[in-house]
Amino acid sequence: MKTIVIGVIGADVHAVGNKIIEYVLKKEGYNVVNIGVLSSQEDFINAAIETNADMILVSSLYGHGEMDCRGMREKCIEAGIGDIPMFVGGNIVVGKQDFDEVRDRFIKMGFNKAYPPGTPFEKTLPDIKEVLGE
Amino acid sequence: MSRYLMIDFGSTFTKLTAIDTEKEDIIATANSFTTVATDITVGYEKALEELYAKAGGKIGFDKIIGCSSAAGGLKMAAIGLVEELTLEAAKRVCLGAGAKVELAFSHHLTHADVRKIIDKKIDIILLAGGTDGGNSECILFNQKMLAESGIKIPVIYAGNKNCADEAVAVAREYGMDEYVCGNVMPKLNELKVDEARDKIREIFLKNIIEAKGIKKIEREIDKVILPTPEAVLKAAELLSKGYMRESGLGEIVLVDIGGATTDFYSMCSASAKRSDVVLKGLEEPYAKRTVEGDLGMRYSALGVLDALSEEEIRTYDEDENIDLKAELMYRHEHVDNVPADEHEVKIDRIMGQICVDKSIERHVGKMEEMYTPMGLVYYQYGKDLSQIRYVIGTGGVLVKSKTPREILKKVEYTPSKPLELRPRRPQYLLDKDYILAAMGLLSEIDPLLALKIMKKHIVPIEN
């Protein structure tokens, strides 16, 4: 069974989407390690190390995702899990920006995928399966 | 009617407590220097004579049991993967079992780390790492490092269960003294102490007391059954929770200031007590113990000095009109110093206050402020002790002090440390007859009696 760490990054307390993601992934047969809201980069990385996770899914809904996610890939490399796939999604930047640019920014930060607001989970699920080699 | 004798073989003193079950009270207490380096029975018999003298004649005991922290106590090394997760869980298990965590290692062990384990004469190694089904590479690496070094120290495997069999196979191949129990952190942030703690006690009884020359005493008495700090932990938990119809005191903290260490215990639920906080970090147990190996009245007097900032030292010097540095140095060099005049009493009082202040600072839960778009939110790490009803003091400096309240008051909330969740308005109690360890032992035979005696002998501090 593949293990996925999920959580809401930064000073963000939006819990509903987080629960939905947990529900869907569990139904798909994944071992979900949900570290919940108000989680730091270190919380994600430590959880991934201890549970030998196969990927990290970062959620952010309050617009400060860009600040919260910066440097996370570097920390993964430092912690010895530099190759772990990381996806990010939600309302990840301030205001209405062209999402192609936003996506580029997050890819440059080291995320494998970045999703705009309102992306249905049916759209992200095939990407998750693909990156996990399923 | 039965008579029991409870013995605490401490690092300095062997303490005896005789109990009468019919009167539901203590007959007498006595103590003498611990003589573990030569023959532990000598000190015991000396204390016994004193006890008989106090009781006015020889007593026939129906049961004699002991606990021990003699010969350096129980020294453990905790090994985990991530420092804040499995290593922290492993450390908590060791402390809860009454051990001292002499060494702690996260991630891969090095040859130098293994060398330290051997040099420090560690009694038991607790090997953790990985949640169940999680990381197995690190714990197997560490298992192999320990195996290849040829150490004969008992190892408890309490990590990822998926590779337990593989680890045992390695251990067997190298003829290691290996024990397996449930994972200390089976799921992320979930702490599981019971199995590993019971294993530690089992090994303590089987190997450690033998190796330390304590087993000899079992010719004279029935059994040594616990490490002393675990006995104290049991007593404190019983006193807090109560037993059957006999009610307990509710949420309490207990501070034990010794010559070498200061032990801090909190008995309270770990849930958040305010609605505006978010709990962070590893799950906390109801009964929690921390040990400060650098804070003590004599052997660790220099540790007390190191724990203070230059500014704090100057403040003490000016407020109390003393030379704190010189005084602490003196006590470190004269560990048998007993306060003889007003001045020395004052120094002991100040040292006690520092031990209390620093040990609760390290034990107590803390808040961290976080500004979010939804307003100010607090993270809470550790246990909230603000609602604690009773603070109990034990240990020589408090029991002998004329002003124990002044020393214990240092646990309280202070505006200068607003984010520490210290007790707000507690009442103060004193273990005046020094019976907590003995009552922890008694609770193994008769918890109700132990509780009743504690409620009688642990008394409010007047002034």
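On a predicted model such as this, the values are computed, not experimentally measured, just so you know. (Residues numbered from 1 in each chain as written. Chains lettered and ligands numbered in written order. Predicted model: local features only at pLDDT ≥ 70, side-chain atom pairs only at ≥ 80, totals over all residues.)

## Focus on the overall build of chain B
When helices and strands are counted, chain B shows 15 helices and 19 strands. Relative to the compact-globule value of 23 Å for 463 residues, chain B shows a C-alpha radius of gyration of 23 Å, a close match. Reported as C-alpha extents along the three principal axes, the dimensions of chain B are approximately 60 × 60 × 50 Å. Taken across its 463 residues, chain B has 47% of its residues classed as buried. Residue pairs in contact within chain B that sit at least 24 positions apart in sequence constitute 70% of those at least 6 positions apart. (Helix = DSSP H or I, 4+ residues; strand = E, 2+ residues; numbered from the N terminus. Rg over C-alpha atoms; globule rule 2.2 N^0.38 Å. Buried ≥ 20, exposed ≤ 12 C-beta atoms within 10 Å, placed from the backbone. Contact = placed C-beta atoms within 7 Å.)

## Section: the overall build of chain A
A tally of helices and strands in chain A yields six helices and five strands. Taking 14 Å as the expected radius of gyration for a compact globule of 134 residues, we find that chain A reaches 13 Å, a close match to that expectation. Each principal axis of the C-alpha distribution contributes one length, and for chain A these read about 40 × 35 × 25 Å. The proportion of buried residues among the 134 residues of chain A is 40%. In chain A, of all internal contacts separated by at least 6 residues, the share reaching a separation of at least 24 is 74%.

## Some thoughts on the interface of chain B and chain A
Facing the 18 residues of chain B at the interface are 12 residues of chain A. Elements supplying a minimum of two residues to the side of chain B that touches chain A: α2 (83-96) and β15 (366-372) of chain B. Looking at the side of chain B that touches chain A, its residues break down into 10 nonpolar, seven polar and one charged. (Nonpolar A, V, L, I, M, F, W, Y, C, P; charged D, E, K, R; others polar.)

## What to know about the nonpolar core
If you look at the biggest cluster of nonpolar residues, it comprises 164 residues, and the most contacted ones within it are B:Leu126 and B:Ile156. Aside from chain neighbours lying at most four places away, what touches B:Leu126 is B:Met76, B:Ala78, B:Ile79, B:Ala90, B:Val93, B:Cys94, B:Ile156, B:Ala158 and B:Ala196. (Core = buried A, V, L, I, M, F, W, Y, C linked by C-beta atoms within 7 Å.)

## Topic: the pairing of strand β2 (residues 13-20) of chain B
Residue and element names in this part refer to chain B. Counting buried positions along β2 yields six of eight residues, so the element is predominantly enclosed. Two strands pair when backbone bridges link them, and strand β1 (residues 3-9) and β2 are joined in this way by seven bridges, in the antiparallel orientation. Counterpart to Tyr-4 in the pairing with β2 is Ile-19. Taking the residues between adjacent antiparallel strands as the criterion, β1 and β2 are bridged by three residues. Where β2 and strand β3 (residues 25-33) come together, eight bridges link them in antiparallel fashion. The residue of β3 that forms the bridge with Phe-13 is Phe-33. Between the antiparallel neighbours β2 and β3 lie four residues, among them Glu-24 with a positive phi of about 55°. (Pairing = 2+ DSSP bridges.)

## Concerning the confidence of the model for chain B
Caution applies to low-pLDDT parts of the model: their predicted coordinates are not meant to be read in detail. Residues with a pLDDT of 70 or more make up 100% of chain B, whose mean pLDDT is 93. The ipTM for the predicted assembly is 0.83, set against a pTM of 0.88. (pLDDT = per-residue confidence, 0-100.)

## A look at the domain arrangement of chain B
Considered domain by domain, chain B is made up of domain 1 (3-71 + 212-221), domain 2 (75-207) and domain 3 (244-439). A separation of 34 Å is found between the C-alpha centroids of domain 1 of chain B and domain 2 of chain B. (Domains from an automatic or database assignment.)

## Focus: the sheet that holds β1(B)
Residues and elements named next belong to chain B. The strand order across the open sheet formed by five strands is β3-β2-β1-β4-β10, and the pairing between neighbours is mixed. Both edges of this open sheet fall to β3 and β10 (223-227), since each of them pairs with a single strand only. Strand-to-strand twist across the sheet, computed as the mean angle between neighbouring axes with direction ignored, equals 20°. Examined bridge by bridge, β1 and strand β4 (residues 63-68) share six bridges and lie parallel to one another. Directly across from Ile-7, in β4, lies its bridge partner Gly-66. Packing against the sheet, helix α14 (residues 436-445) makes contact with β1, β2, β4 and β10, and its axis sits at approximately 130° to β1. (Axes fitted to C-alpha atoms, helices over the stretch in contact; angles between N-to-C directions.)

## Some words on the sheet that holds strand β8 (residues 155-157) of chain B
All names here are of chain B. As summarised here, the arrangement of the five strands in space is β6-β5-β7-β8-β9, forming an open sheet in which the pairing is parallel. Here the strands that pair on one side only, and so sit at the sheet edges, are β6 (100-105) and β9 (178-180). Taking the axes of each pair of neighbouring strands and ignoring which way they run, one obtains an average angle of 25° across the sheet. Most of the contacts of α2 go to strand β5 (residues 75-79), to which it runs at about 160°, and overall it touches β5, β6 and β7 (124-127). Those strands touched by helix α4 (residues 137-148) are β5, β7 and β8, and its axis lies near 155° from that of β7.

## Digging into the environment of B:Val114
Residue and element names in this part refer to chain B. Relative to the elements of secondary structure, Val-114 occurs in helix α3 (residues 111-119). Measuring from C-alpha to C-alpha, the distance between Val-114 and Asn-142 comes to 9.6 Å, with 28 residues separating the pair along the chain. Those residues in contact with Val-114, other than ones at most four positions away along the chain, are Leu-109, Met-145, Leu-146 and Ser-149.

## A look at unusual backbone geometry
Residues and elements named next belong to chain B. One non-glycine residue, Glu-24, lies in the positive phi region at around 55°. Structurally, Glu-24 is set in the loop between β2 and β3. One non-glycine residue, Tyr-434, lies in positive phi territory at about 60°. Counting through the fold element by element, Tyr-434 comes out in the loop between β18 (427-431) and α14.

## Concerning the packing of helix α7 (residues 228-241) of chain B against α14(B)
Residue and element names in this part refer to chain B. Across the interface, α7 lies against α14 with an axial gap of 7 Å and an inter-helix angle of 75°. Comparing the axis directions of α7 and α14 gives the class roughly perpendicular. Seen from α7, the contacting residues are Thr-228, Ala-231, Val-232, Lys-234, Ala-235 and Leu-238; seen from α14, they are Leu-436, Ala-437, Met-439, Gly-440, Leu-441 and Ser-443. Across the contact of α7 with α14, the residue classes break down as eight nonpolar, three polar and one charged. (Parallel < 35°, antiparallel > 145°, perpendicular 65-115°, else oblique.)

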